[in-house]
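# Coordinates in review
Here is how the chains run, residue by residue.
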Amino acid sequence: MVKLKFIPKTDLDYVELYAEELKQKKDLFNQQRQFINNQIKASQSLFSNMFGKKNFKKNARQFLKERGIIKPLYS
Amino acid sequence: MKGYTLQNDTIVIKRELTELDVFVKDFLRALKKHCDYLIVSGFVSISTGRVRATEDIDILIKTMPKEIFEKLFLDLIDKGFWCYQGDNFEEIYAYVHEMQNIRFAKEGQMFPNMEMVFINEEKKAKHYEFTHPQKIRIKDFEFKIPPLEFEILYKEIILAGKKDMEDAKHLRVFFKDILDLNKFNECKKIILEDKKW
């Protein structure tokens, strides 16, 4: 049974508790690694399906422009 | 137990590299041949254990002459990166000249991406963190981040969004044993002075 230093109520409390636990439990780093690697894999798969291989850059730039991530230089 | 050690002022974290670490490491390998840098913001917290998603890694770089940027740009392209803003370095240099951010991702991928933020000495706070780097090492991946006290305060005072406050809390708790009150005061002064402008 895990003994908590305090009962978390807010998101910030959970962040604090996790950071405290991270100092003691190295296994949490492995969980974090899994989370990050899965996120990257999912993103790669999503955009590769959306834009294809042949015109990836062209389609990606169009997508980014429409969302305001690529802005004209003198906007 | 602290979750990290300090070796000659370098923070060493014992964990395996993530795909995100490998991406940043590849990018820095090409970039470091041409210019200095500082990794800031979300990746600082994530690389030290914070669990949250991210799409971009912010990297501070000093503005540079066109001929150096040309070599850097071509080297990054050669190492398999593509630039969101375009394929022609002449066109992209206009962004550098105007100090507008540009982004690079791996060929055939959209995320993660490195967002280059150009700075000069007029940007006092950014110039301060750039010239007072903290080294951090995970396995054979070593990189530079701002002083922890600066990063925490910048997130709390300037950025101040929900995820920024959470990132700052993570750093405050995880690095509690090495945070320095005098450094906090020094950094706070610089950040508040910069905020006025």
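Residues numbered from 1 in each chain as written. Chains lettered and ligands numbered in written order. Predicted model: local features only at pLDDT ≥ 70, side-chain atom pairs only at ≥ 80, totals over all residues. Heavy atoms only, no water.

So, about the packing of helix α2 (residues 27-51) of chain A against helix α3 (residues 56-66) of chain A. The angle between the axes and the distance between the axes are what describe a pair of packed helices. Residue and element names in this part refer to chain A. At their nearest, the axes of α2 and α3 sit 9 Å apart, and the two run at 100° to each other. By the angle between their axes, α2 is roughly perpendicular relative to α3. Mapping the contact onto sequence places Phe 47, Ser 48, Met 50 and Phe 51 in α2 and Phe 56, Asn 59, Ala 60 and Phe 63 in α3. Here the residues of the contact of α2 with α3 are counted per class, giving six nonpolar, two polar and no charged. (Axes fitted to C-alpha atoms, helices over the stretch in contact; angles between N-to-C directions. Helix = DSSP H or I, 4+ residues; strand = E, 2+ residues; numbered from the N terminus. Parallel < 35°, antiparallel > 145°, perpendicular 65-115°, else oblique. Contact = heavy atoms within 4.5 Å. Nonpolar A, V, L, I, M, F, W, Y, C, P; charged D, E, K, R; others polar.)

Here we come to the side chain of B:Thr48. Within the element layout of this structure, B:Thr48 appears in the loop between α2 (42-47) and β4 (56-62). For B:Thr48, a relative accessible area of 1% corresponds to the buried category. Within the structure, B:Thr48 has its side chain in polar contact with the backbone oxygen of B:Ser45 (distance 2.9 Å). Apart from the residues within four sequence positions on either side, B:Thr48 is in contact with A:Leu22, A:Phe29, B:Ile13, B:Ile136, B:His170, B:Leu171, B:Phe174 and B:Phe175. (Buried < 20%, exposed > 50% of the residue type's maximum accessible area, 1.4 Å probe, protein only. Polar contact = N/O pair within 3.5 Å; in protein donor to acceptor, adjacent residues only side chain to side chain.)

Each strand in a sheet pairs with its neighbour through backbone hydrogen bonds, running either in the same direction (parallel) or in the opposite one (antiparallel). All names here are of chain B. What the four strands build is an open sheet, ordered β1-β2-β8-β9; its pairing is mixed. Two strands bound the open sheet, and with one partner strand each, they are β1 (5-7) and β9 (141-145). Strand after strand, the sheet turns through a mean of 30° between neighbouring axes, direction not considered. Where strand β2 (residues 10-13) and strand β8 (residues 134-138) come together, three bridges link them in parallel fashion. If you follow Ile 11 over to β8, its bridge partner there is Ile 136. (Pairing = 2+ DSSP bridges.)

Turning our eyes to something else, we now look at the interface of chain B and chain A. As a measure of interface size, the accessible area lost when the parts come together is often cited. Each partner contributes to the interface: chain B provides 44 residues, whereas chain A provides 34 residues. Buried area between chain B and chain A, both sides added, is near 3700 Å², and the carbon and sulfur share of it is 66%. The interface formed by chain B and chain A holds six salt bridges in total. Here A:Glu20 and B:Lys176 are joined by a salt bridge, their closest N and O atoms 3.3 Å apart. (Buried area = accessible area lost by both parts, 1.4 Å probe. Salt bridge = Lys/Arg side-chain N within 4 Å of Asp/Glu carboxyl O.)

With that settled, consider the nonpolar core. Formed by 66 residues in total, the largest nonpolar core has its most connected members in B:Leu31, B:Ile39, B:Ile59, B:Phe69, B:Met116 and B:Phe143. It is helix α1 (residues 19-31) of chain B that provides the largest number of residues to this core, a total of seven residues. Once residues lying within four places of it in the same chain are set aside, the contact partners of B:Ile59 are B:Phe27, B:Leu28, B:Leu31, B:Tyr37, B:Leu38, B:Ile39, B:Met114, B:Glu115, B:Met116 and B:Val117. In terms of nonpolar packing, the next biggest core, distinct from the first, is built from twelve residues, A:Ile70, B:Tyr84, B:Ala105 and B:Phe111 among them. (Core = buried A, V, L, I, M, F, W, Y, C linked by side-chain atoms within 4.5 Å.)

On average, residues of chain B score 96 in pLDDT, and 99% of them are at 70 or above. The complex prediction reports pTM at 0.94, with the ipTM value standing at 0.90. (pLDDT = per-residue confidence, 0-100.)

Moving on to the pairing of β8(B). Residue and element names in this part refer to chain B. Only one face of β8 is covered, namely the one carrying Gln 134, Ile 136 and Ile 138; the face carrying Lys 135 and Arg 137 has none of its residues buried. The pairing of β8 with β9 spans five bridges and is classified as antiparallel. Within the sheet, the bridge partner assigned to Ile 138 lies in β9 and is Phe 141.

This brings us to the packing of aromatic side chains. For the coordinates displayed, the defined rule picks out 21 aromatic pairs over all chains. Arranged with centres 5.3 Å apart and planes meeting at 70°, the rings of A:Phe47 and B:Phe111 form a pair that is edge-to-face. With A:Phe47 in helix α2 and B:Phe111 in the loop between β6 (102-106) and β7 (113-119), this pair bridges two chains. Ring-pair connections join several aromatic residues into one group, and the members of that group are A:Phe47, A:Phe51, A:Phe56, A:Phe63, B:Trp82, B:Tyr84 and B:Phe111. Against the face of B:Phe81 rests B:Lys106, its NZ or CZ located 4.5 Å from the ring centre. Positioned over the ring face of B:Tyr37 is B:Lys144, at 5.4 Å from the centre of the ring. (Phe/Tyr/Trp six-rings, centres within 6.5 Å; stacked < 30°, edge-to-face > 60°. Lys NZ or Arg CZ within 6 Å of the ring centre and 35° of its normal.)

This part is about α3(A). Residue and element names in this part refer to chain A. Within α3, burial applies to Phe 56, Ala 60, Arg 61, Phe 63 and Leu 64. Along the axis of α3, the buried residues cluster in a sector spanning 160°; they form a single face. Facing away from the buried side of α3 by more than 90 degrees, the exposed set consists of Lys 58, Lys 65 and Glu 66. One or two steps after α3, the chain reaches Gly 68, where phi turns positive at roughly 75°. (Arc of directions from axis to C-beta.)

For the rest of this paragraph, the subject is the packing of helix α3 (residues 66-78) of chain B against helix α4 (residues 89-97) of chain B. All names here are of chain B. Orientation of α3 relative to α4, taken along the N-to-C sense of each, is 120°, at an axis distance of 10 Å. The angle between the axes of α3 and α4 places the two elements in the oblique class. As for how α3 packs across α4, the hand of that crossing is right-handed. Within the contact between the two elements, α3 uses Lys 66, Phe 69, Glu 70 and Phe 73 and α4 uses Phe 89, Glu 90, Ile 92, Tyr 93 and Val 96. Among the residues forming the contact of α3 with α4, the class breakdown is six nonpolar, no polar and three charged. (Left-handed = near helix turned anticlockwise from the far one by under 90°.)

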